[in-house]
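Examination of the molecular architecture
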Amino acid sequence: RAGVFVTLITTIITIFILGRETIEFFKIVPIFDFLGGTEWGPLIEPKTFGVWPLICGTALVSLGAVAIALPFGVMIAIQLSEFSSPRLRSILKPILEILAGIPTVVYGYFALTFITPALRQVFPDIEIFNGLSASIVVGIMILPMVASLCDDAFRALPRSLRDGAYSLGATSREVIQDILLPAASGRVVAAVLLALSRAVGETMAVTLAAGSTPKMTASYFESVQTMTAYIVQVSLGDVASGGVEYLSSFAVGFLLLIMTLVMNGFGTYLILRAPRGVD
């Protein structure tokens, strides 16, 4: 109970601080200019505060990361839940946990020094800072979460589903494709949403890999700026405290908080709503 209380109080204080500074920002910049504008340039003249380029960069990287992590995460989960012996499972699980424990800044430098040079060998026109490199590295980061949640989803299904299918002569592929995946689809979607919220909130890796060029683009070969990367840019100390540029980081942070809370809440709801099986 104490842990839940501390978490609740921390969340309330965070919302209060972000909300207070966001209100001050909207006293200077109209909320409709912030939410409806398509140009973001608070640090250059003339200043523009349309947040959509940051949202676009965040969505580009996050969706790309989920598209990479989801198929591999599901395959790892199937291997763990359906084919791995207890001994093999005890080996694979810690390996996934190691991936989850690597600092994000290390992933960022890994993207700069390995992933981007490798991509430039294949795509010579790709920029040094680009959305594709950031998507790949964030996809690697959220892979353990996707695999773990999908593994829990498959293991929560009743054993009778598998036994009934095998007794009717179904192959392993048919059991997985036609029985397990449809039955666990709710929890898999929840895993995607939770992983997406994790990708949306990623900071240092995308700051180093994707760059700091806010633009509305669908190209993964160009430099983009995410919402978290802009907050880092303002937090470096080059912006005077209390100015509109400083306050804009709180407005971006508050919007990011709302987005992640909605995704986490919906994902948790899907997990709680999904039926629980008994082995």
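The structure reproduced in this document is the subject of the present report.

Reading the values: rules and limits
- Residues numbered from 1 in each chain as written.
- Predicted model: local features only at pLDDT ≥ 70, side-chain atom pairs only at ≥ 80, totals over all residues.
- Heavy atoms only, no water.
- Helix = DSSP H or I, 4+ residues; strand = E, 2+ residues; numbered from the N terminus.
- Buried < 20%, exposed > 50% of the residue type's maximum accessible area, 1.4 Å probe, protein only.
- Contact = heavy atoms within 4.5 Å.
- Areas by Shrake-Rupley, 256 points an atom, 1.4 Å probe, with all protein chains shown as cover.
- Lys, Arg positive; Asp, Glu negative; His and termini not counted.
- Charge placed at Lys NZ, Arg CZ, Asp CG, Glu CD.
- Axes fitted to C-alpha atoms, helices over the stretch in contact; angles between N-to-C directions.
- Left-handed = near helix turned anticlockwise from the far one by under 90°.
- Nonpolar A, V, L, I, M, F, W, Y, C, P; charged D, E, K, R; others polar.
- Expected span 1.5 Å × (residues − 1).
- Phe/Tyr/Trp six-rings, centres within 6.5 Å; stacked < 30°, edge-to-face > 60°.
- Salt bridge = Lys/Arg side-chain N within 4 Å of Asp/Glu carboxyl O.
- Polar contact = N/O pair within 3.5 Å; in protein donor to acceptor, adjacent residues only side chain to side chain.

For the protein, the helix and strand inventory stands at 12 helices and two strands. Ordered by position in the sequence, the α and β elements of the protein form the string α-α-β-β-α-α-α-α-α-α-α-α-α-α. Dimensions of the protein, computed from the C-alpha atoms along their principal axes, are close to 70 × 50 × 30 Å. Scored against the burial criterion, the 279 residues of the protein give a buried share of 42%. A fraction of 71% describes how many contacts in the protein between residues 6 or more apart in sequence connect residues 24 or more apart. Total accessible area on the protein stands at roughly 14500 Å², and carbon and sulfur atoms take up 68% of it. Across the protein, the centroid of the 17 positively charged side chains sits 11 Å from that of the 19 negatively charged ones.

Our next topic: the packing of helix α3 (residues 52-83) against helix α6 (residues 131-155). Axis separation between α3 and α6 bottoms out at 5 Å; the angle between their running directions is 35°. As for the relative orientation of α3 and α6, their crossing is right-handed in sense. In terms of residue class, the contact of α3 with α6 is made up of 22 nonpolar, six polar and three charged.

A few words on helix α5 (residues 104-122). Along its 19 residues, α5 runs 25 Å from first to last C-alpha, staying within 8% of the 27 Å computed at 1.5 Å per residue. For α5, the complete set of buried residues consists of Tyr107, Gly108, Ala111, Ile115, Thr116 and Leu119. Those residues of α5 that are buried lie in contact with α4 (86-101), α6 and α10 (204-210).

Taken as a whole and assessed by the stated rule, the structure comprises 10 aromatic pairs. For the ring pair tryptophan 40 and tyrosine 230, a centre distance of 5.0 Å and an interplane angle of 85° mean the geometry is edge-to-face. Of the two residues, tryptophan 40 sits in strand β1 (residues 40-41) while tyrosine 230 sits in helix α11 (residues 227-235), which places them 190 residues apart along the sequence. Ring-pair connections join several aromatic residues into one group, and the members of that group are Phe25, Phe26, Phe34, Trp40, Phe49 and Tyr230.

Structurally, leucine 132 can be placed in helix α6. Taking the C-alpha atoms as reference, leucine 132 lies 35 Å from leucine 157; in sequence the two are 25 residues apart. The contact partners of leucine 132, leaving out residues within four places of it in the chain, are Leu119, Phe123, Ile126, Tyr220 and Phe221.

In this structure the tally under the stated criterion is 10 salt bridges. A salt bridge links arginine 162 to glutamate 82; the shortest N-O distance between them is 2.9 Å. Of this pair, arginine 162 sits in helix α7 (residues 159-167) while glutamate 82 is found in helix α3, placing the two residues 80 residues apart along the sequence. Close ionic contact of aspartate 163 with arginine 159 constitutes a salt bridge, the shortest N to O distance being 3.5 Å. Of this pair, aspartate 163 and arginine 159 both sit in helix α7, four residues apart, which is roughly one turn of the helix. The structure contains a network of salt bridges with shared partners spanning Glu45, Lys47 and Glu245.

Right, let's get into the environment of isoleucine 44. Note that isoleucine 44 resides in the loop between β1 and β2 (48-49). The class of isoleucine 44 is exposed, set by a relative accessible area of 54%. A sequence separation of 98 residues divides isoleucine 44 from isoleucine 142, and the C-alpha atoms of the two residues are 34 Å apart.

Moving on, we get to the environment of serine 248. Within the secondary structure, serine 248 is located in helix α12 (residues 244-273). What makes serine 248 buried here is its relative accessible area of 0%. Among all residues touching serine 248, those that are not within four sequence positions of it are Phe25, Trp40, Pro42, Phe49 and Tyr230. Within the structure, the side chain of serine 248 is placed 2.5 Å from the side chain of tyrosine 230, a separation counted as a polar contact.

Relative to the helices and strands, glutamate 202 is located in the loop between α9 (185-200) and α10. One polar contact links glutamate 202 to arginine 198, side chain to side chain, over a distance of 3.0 Å. In terms of polar contacts, glutamate 202 uses its side chain to reach the backbone amide nitrogen of alanine 205, at 3.2 Å. Residues within four places of glutamate 202 in sequence aside, it is in contact with Thr104, Val138, Met141 and Thr228.

Structural measurements only, silent on function.
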